[in-house]
Structure formats: structure tokens, C-alpha cells
Amino acid sequence: MSESGKHSLSDYARRVWVAVGIVVASLILLLLLWFSANVLLMVFAALLVTLFFSIPTNYLHQRSPLSRRLALLVVMLVFLALLAGFILNFALGMSQEFERLLKILPNSWSSLEELILQYPLGKEAIDRFEQFANQFSVPSGAINSWSSQLSKVLSSTLGALLNVFAVVLIGLFVLLEPDSYKKGVLVLFAPSKRDEARDFLDLVYYKLTWWLLGRLISMSVIGLLFGLGLWVLGVPMALSLGILAGLLSFIPYLGPALAAIPALLVAFTQGSTTMLYVGLLYLAIQFLESNIVTPLVQRKAVSIPPALLLIVQLLLGVYTGILGLLLSEPLIVLSMLVVQRFYVKEWLEDKKPAEAREEIIEEQE
């Protein structure tokens, strides 16, 4: 075989090994991402906590003689006081309303059963429901199995609380010295790419800040409207239920539906008519939020197609649990920024980094 033939074979073998190495490295990276998905989500949640507390902290620091750390301390104390007040008020109120619900449920069920029995298929429906309910009667020895299930619930609850504590703690550590962490990230890039990396980090901060402000405004509007509506209807715990609706609306589409459940249960203690009015109130507020409030307050953030958001919510909810469900929207914002900046603008349209960043901002304004 000639020298040129040997050279071409060695060059071909080198390309094959390079391709195999890239594939293996990609698979290893994907496996690492898969097994460390929850940890990465917790880190991302901690960065969102940093962003959440940095907004009022920076505002207070710039408009008062307080240092940044003292401003953060004031913000944390106010936040903890509001959180403690809400938890105590909501927990005490819900316990009282739950007792009332247990008292009126038998009479309400009797009235509902009489109404259903007036129809031809009513008796069959009642019989089938009673057969289904009898399947859940307490068998002998069930107390031990229930105690084991209770211990599992308590352990999972404790683990969730520890995860929340770790996320908040990491977020506060980053908030105390954000510049040092930013410099640490930039050091990982080559000197020629650091300006571009800094530019992209500024873009992510800009967009996520506007996304978070828009989400907070939307949550406040939903909580205020829901609380006022419940107060007008004479539903107990209107303030706490309004705050709960605002907090749960952080999860688009799914969160408000979860917030309606306790409101409907409390309204049921006041009568079926009040419960119907609360359901109509919920639908009206959801219509206003989806078609007016959210489009107005998130014009400076990345516009997310609703179908894409629901698909990502379902996927992350199934594979990563409640944390993935909570972080689905900001993760989509970050992913869309990466695609727009590095693929669409710089790769397809061949834009310079600074020009690509400005175009992304201008498109959302």
C-alpha cells in the first residue's frame, strides 16, 4: 500500500475515533444531566430566589442609607413576618372551616342523593358509588400499613422542607456576593469569549428580571381580584384565600386550578349557590388574567406559546416532580434565550454578540 493510502486510512481512523469520542462524551453528559436533574433544578431555583430578593434589596439599598446587607436583612424580616402571618391565619381558618364542612356534608349528601334518585339512572349511580366506596373500608390490620404510609409521608415532607431550606440558603449566599460568583463563572470561559459570556449573562438577568416582575404583578392582580370577589360574596377567609390564589398562580394554568379547590370547599360551607358564584368568579378572573393581565405585564419578557408551556410542564412534572413544574416557565425563558442568541441570531443570521443581544431586547419591547 502506498504512503498516501496509509495516510488516508490513518486520517479516516482518527476521524472515526474523534466521532466516537464526541458521541461517548455526549452520552456521558446526558446521563450526568439526567441523574443530577433535581440538583440542577435546585440550583436554578436558588438563583431565582436570589433574583426575587435582589429586586427589593437593591431598591431599598439605593434609596436609603442602609448597606446592602442591612437592606437584605430588612427585606427578609418583612418577608418572614408576612409569611408567618399568612400561615397562621390560613391554618387556623382552614381548620375551622373544615370542621364546619364535616358537619354539613352529611345533610348536603342526603339532599344530593334525594335529587339524584329522582332520575331513572340515579339509583344505579348511587349503588355503583357505594360499591366503590366500600372497597376502601378499613380491613383488619390496616392500622399498621397506614402507620407505615404516614411515616413515608412525614419523611418525604421533611425532605422537601430541607430542600426548600437549602435552596433559600444558597440563594441568600449568592445574593450577598453576586459579583464574586459572576466572576467565577466568567473565569471558566476563554479570555476571548468572556465579554460574550458576560453579555449573555446580562441578557439573562435582564429577561428573567422582567419575567419575574411580570409574574409577581400577575400574581398580585389575581390575588387581589380573587380576595375582593370572595369578600363581596361573603366567603370566610377571603384574604387568605386570595393570597393563596396569588401564590399558586406562579404555576401558569395549573396553579389557579389548584387555588380554586380550597375556595370552593370553603364556599360550600355557605351554600351551593355561593359555591356556584365562586366558580364563576374563578372563571372570570382566569379569563382576565390569560387575555389581559399577563399579555400586558410580560411584554418585556420572552413570549411563551401556551402549548409549549403545557407540554414542558407535563414533562418536567412527570420526570422531576413539583420542582420541575414550578420552574417550567423560567426554564423555557432561559432555553429560548439560548436558542435565539446563539442559534438564530449568531448562527443563522450571522449577527455580532452585542447586536444579537440588542435585537432580542428590541423584539420584546
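Please refer to the structure placed before this passage.
Residues numbered from 1 in each chain as written. Predicted model: local features only at pLDDT ≥ 70, side-chain atom pairs only at ≥ 80, totals over all residues. Heavy atoms only, no water.

1. Regarding the nonpolar core
No. 1: Counting residues in hydrophobic clusters, the biggest one holds 32 residues, and the most contacted among them are Phe-53 and Leu-327.
No. 2: It is helix H2 (residues 37-62) that contributes the most residues to this core, nine residues altogether.
No. 3: Excluding anything up to four places from it in sequence, Leu-327 contacts Leu-41, Phe-44, Ala-45 and Leu-48.
No. 4: If you look at the next biggest cluster of nonpolar residues, it comprises 17 residues, including Phe-226, Ala-260, Val-266 and Val-278. (Core = buried A, V, L, I, M, F, W, Y, C linked by side-chain atoms within 4.5 Å. Buried < 20%, exposed > 50% of the residue type's maximum accessible area, 1.4 Å probe, protein only. Helix = DSSP H or I, 4+ residues; strand = E, 2+ residues; numbered from the N terminus. Contact = heavy atoms within 4.5 Å.)

2. Looking at the packing of aromatic side chains
Each aromatic ring pair is specified by the distance between its two centres and by the angle formed by the two planes.
No. 1: Enumeration over the complete set of coordinates arrives at four aromatic pairs.
No. 2: Aromatic pair Phe-52 and Phe-79: ring centres 6.0 Å apart, planes at 70°, arrangement edge-to-face. Of this pair, Phe-52 sits in helix H2 while Phe-79 is found in helix H3 (residues 68-116), placing the two residues 27 residues apart along the sequence.
No. 3: Judged by centre distance (5.9 Å) and plane angle (75°), the ring pair of Trp-211 and Phe-250 falls under edge-to-face. Residue Trp-211 is found in helix H7 (residues 194-233), and its partner Phe-250 is found in the loop between helix H8 (238-248) and helix H9 (254-268); the two are separated by 39 residues along the sequence.
No. 4: Grouping aromatic residues by their ring pairs yields a cluster made of Phe-52, Phe-53 and Phe-79. (Phe/Tyr/Trp six-rings, centres within 6.5 Å; stacked < 30°, edge-to-face > 60°.)

3. Details of a nonpolar patch on the surface
No. 1: Residues Trp-17, Val-20, Val-24, Ile-28 and Leu-32 make up a contiguous nonpolar surface patch of about 520 Å² in total accessible area.
No. 2: Mapping Trp-17 onto the fold places it in helix H1 (residues 3-35).
No. 3: Among the residues examined, Trp-17 registers a relative accessible area of 65% and is labelled exposed. (Patch = residues over 30% accessible without salt bridge, like charges linked within 9 Å, V, L, I, M, F, W, Y side chains within 5 Å. Areas by Shrake-Rupley, 256 points an atom, 1.4 Å probe, with all protein chains shown as cover. Salt bridge = Lys/Arg side-chain N within 4 Å of Asp/Glu carboxyl O.)

4. As for the pattern of salt bridges
No. 1: In the structure shown here, the tally under the stated rule is five salt bridges.
No. 2: Across the pair Glu-177 and Arg-69 runs a salt bridge whose closest N-O atoms are separated by 3.7 Å. Highlighted residues: Glu-177 in the loop between helix H5 (142-176) and helix H6 (178-187) and Arg-69 in helix H3, separated in sequence by 108 residues.

5. Description of the packing of H7 against H8
No. 1: Where H7 meets H8, the axes come as close as 7 Å, and the angle between the chain directions of the two elements is 150°. By the angle between their axes, H7 is roughly antiparallel relative to H8. Here H7 and H8 pass one another in a crossing that is right-handed. Across the interface between the two elements, Met-219, Ile-222, Gly-223, Phe-226, Gly-227, Leu-230 and Trp-231 of H7 pack against Ala-238, Leu-241, Gly-242, Ala-245, Gly-246 and Leu-247 of H8.
No. 2: Here the contact of H7 with H8 is built from residues that sort into nine nonpolar, four polar and no charged. (Axes fitted to C-alpha atoms, helices over the stretch in contact; angles between N-to-C directions. Parallel < 35°, antiparallel > 145°, perpendicular 65-115°, else oblique. Left-handed = near helix turned anticlockwise from the far one by under 90°. Nonpolar A, V, L, I, M, F, W, Y, C, P; charged D, E, K, R; others polar.)

6. Describing the environment of Phe-189
No. 1: In this structure, Phe-189 sits in the loop between H6 and H7.
No. 2: In this structure Phe-189 touches Arg-194 and Ala-197, once residues within four positions along its chain are discounted.

7. Side note on the packing of H6 against H7
No. 1: At their nearest, the axes of H6 and H7 sit 9 Å apart, and the two run at 135° to each other. Considering the angle they form, H6 stands oblique to H7. Regarding H6 and H7, the two cross each other, and that crossing is right-handed. Note on element contacts: H7 touches H6 through Arg-194, Ala-197, Arg-198, Leu-201 and Asp-202, opposite Lys-182, Val-185, Leu-186 and Val-187.
No. 2: Its residues assigned to classes, the contact of H6 with H7 shows five nonpolar, no polar and four charged.

8. Thoughts on the environment of Tyr-181
No. 1: Among the structural elements, Tyr-181 can be located in helix H6.
No. 2: Apart from residues lying up to four places away in sequence, Tyr-181 is in contact with Phe-173 and Val-174.

9. Concerning the side chain of Ser-54
No. 1: Within the fold, Ser-54 resides in helix H2.
No. 2: Ser-54 gets classed as buried once you look at its relative accessible area, which sits at 5%.
No. 3: Within the structure, the side chain of Ser-54 is placed 2.8 Å from the backbone oxygen of Leu-51, a separation counted as a polar contact.
No. 4: Sequence-distant contacts of Ser-54, defined by excluding residues within four places in its chain, comprise Leu-175 and Tyr-205. (Polar contact = N/O pair within 3.5 Å; in protein donor to acceptor, adjacent residues only side chain to side chain.)

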